[in-house]
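Observations on the model geometry
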Amino acid sequence: MEHHITVPKTARYFSKGNPTAKKLLVVLHGYGQLARYFIHKFNELSDDWYVVAPEGLHRFYQNGHSGRVGASWMTKEDREMDIQDNLEWLHQLSKQLFAENSYEETVMLGFSQGAATAARYFYGGQSYYNRFIVWASVLPPDLDAEELFAKHQEATNNTFVVGTNDEFFSAEQQAEYCAFYKNLGFDVKQFEGKHDIDIPTLKEILHD
């Protein structure tokens, strides 16, 4: 018989920039990445932005039993509990950030695997963020696209981004997902590049 028990868990995040900046960008990394390295992808943003990178609660050795470590947000095992833990983690972090400062612009960006967790939080009814960027990912299957469209028809500030040479999306899939997100009211951006963050594209989206 399977059981669950709630225990304290220490989560970590990394930040760059001035904590009193008026613009906040929270970025969720992809599968196998660590927040300490992922946040460096945003070094070229202006000082107007305070960037915060929470880390997935599951860390693992990427090859064998030692060496390089990565993190993930969840696996298929005990998925529902991991979803709730992730939502609580992001909620506690957001409460802390917004208690410490008042922001004029708040953006959540989810890259690859991190976009599913970001989407659940952004659309979960307790989000602190007014903009959402889905980068090289699809919405998780537990979110109802038709329901989201009905609730967010007026949303014009959310964005979907994918590189034209993204190794995880064929040309046909890119066309399909671009149409899907446009139908949800997202702006759609494509750049010449692979499965990665493209700073010139991000700066254009953020008007930075």
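Everything here concerns the structure above.
Everything in this summary refers to the structure shown in the same document. Owing to the predicted nature of the structure, the values given are computational and were not obtained by experimental measurement. (Residues numbered from 1 in each chain as written. Predicted model: local features only at pLDDT ≥ 70, side-chain atom pairs only at ≥ 80, totals over all residues. Heavy atoms only, no water.)

**Thoughts on unusual backbone geometry**
Even without glycine at this site, Ser112 takes up a positive phi of about 55°. Relative to the assigned elements, Ser112 resides in the loop between strand S6 (105–111) and helix H3 (113–122). For Ser112, a relative accessible area of 17% puts it in the buried group. (Helix = DSSP H or I, 4+ residues; strand = E, 2+ residues; numbered from the N terminus. Buried < 20%, exposed > 50% of the residue type's maximum accessible area, 1.4 Å probe, protein only.)

**Regarding the environment of Leu139**
One can find Leu139 in the loop between strand S7 (131–135) and helix H4 (145–151). Each C-alpha atom, one on Leu139 and one on Phe191, is 20 Å from the other, the two residues being 52 residues apart in sequence. Sequence-distant contacts of Leu139, defined by excluding residues within four places in its chain, comprise Ala119, Leu148, Phe180, Tyr181 and Leu184. (Contact = heavy atoms within 4.5 Å.)

**Points about the pattern of salt bridges**
Taken as a whole, this structure holds 9 salt bridges when the rule is applied. Notably, a salt bridge pairs Arg59 with Glu55, separated by 2.7 Å at the nearest N-O pair. The exposure class of Glu55 is buried, given its relative accessible area of 1%. A salt bridge links Arg79 to Glu80; its shortest N-O distance comes to 3.1 Å. The class of Glu80 is partly exposed, set by a relative accessible area of 46%. Overlapping salt bridges bring together Arg79, Glu80, Arg120 and Asp142 as one network. (Salt bridge = Lys/Arg side-chain N within 4 Å of Asp/Glu carboxyl O.)

**Overview of the sheet that holds strand S9 (residues 187–191)**
The 7 strands are arranged S1-S3-S2-S6-S7-S8-S9 in an open sheet whose pairing can be described as mixed. What marks the edges here is a single partner per strand, and that holds for strand S1 (13–16) and S9. Within the sheet, the average angular offset between the axes of one strand and its neighbour, ignoring direction, is 20°. Here 3 bridges tie S7 to strand S8 (residues 159–163), and the two strands are oriented parallel to one another. Its bridge partner being in S8, Val134 is matched across the sheet by Phe160. Seen against the sheet, H3 touches strand S2 (23–28), S6 and S7 and runs at an angle of roughly 140° to S6. Across the face of the sheet, helix H5 (residues 171–183) comes into contact with S7, S8 and S9 while running at roughly 170° to S8. (Pairing = 2+ DSSP bridges. Axes fitted to C-alpha atoms, helices over the stretch in contact; angles between N-to-C directions.)

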